[in-house]
Amino acid sequence: MQRSAWIAVLLVVLAGWGIVALMAVTLVSLVGWLGILIIGLAICFCAAQAELDDQAPVASVALLRRQYARTFEGTAEEWLAKGAQRVEHNKWLYVARTVGIAAILIGLNMFIMHQL
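Since this is a predicted model, take the numbers as computed values, not measurements.

Q: With reference to specific residues and values, describe the overall build of the chain.
A: Helix and strand content of the chain: 5 helices and 0 strands. Start at the N end of the chain and walk to the C end: the helices and strands fall as α-α-α-α-α. Its C-alpha atoms give the chain a radius of gyration of 19 Å, more than 25% over the compact-globule value 13 Å for 116 residues. In terms of its C-alpha atoms, the chain occupies a principal-axis envelope of roughly 55 × 50 × 25 Å. Evaluated residue by residue, the chain yields a buried proportion of 11% over its 116 residues. For the chain, restricting intrachain contacts to residue pairs at least 6 apart in sequence, the fraction spanning at least 24 positions comes to 70%. Accessible surface for the chain amounts to roughly 9,300 Å². Of this, 74% is attributable to carbon and sulfur atoms.

Q: Which residues make up helix H1 (residues 3-31), and what are the values?
A: Over its 29 residues, H1 runs 42 Å from end to end, which matches the ideal 42 Å to within 8%, given 1.5 Å per residue. Looking one or two residues beyond H1, the residue adopting positive phi is Gly32, at roughly 70°.

The rules behind these values
- Residues numbered from 1 in each chain as written.
- Predicted model: local features only at pLDDT ≥ 70, side-chain atom pairs only at ≥ 80, totals over all residues.
- Heavy atoms only, no water.
- Helix = DSSP H or I, 4+ residues; strand = E, 2+ residues; numbered from the N terminus.
- Rg over C-alpha atoms; globule rule 2.2 N^0.38 Å.
- Buried < 20%, exposed > 50% of the residue type's maximum accessible area, 1.4 Å probe, protein only.
- Contact = heavy atoms within 4.5 Å.
- Areas by Shrake-Rupley, 256 points an atom, 1.4 Å probe, with all protein chains shown as cover.
- Expected span 1.5 Å × (residues − 1).

So this is what it looks like as structure tokens:
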């Protein structure tokens, strides 16, 4: 890609993160620690959706059924190789889920502590 294309992509990404940050600050300022919990739930939901929709271009029952059946095809070595490839492909989703779970736990704990 050309340099101008990289700059355009970077500007779109920064604008998106800026909007998300503004929404998060607004949510936390309105509802306090419950906002952190809601943000954690949103992060976990997005990570789960990204993992589920990773190999399926369209969410149709026939495609999902075929994808599910394909996970059990082949020998044990092929199955383990597919699993290792899936883990390597989704390693950043693991980080996102960990951050989401941490936000959920912190938000829930502090919400309960400040309510009592």
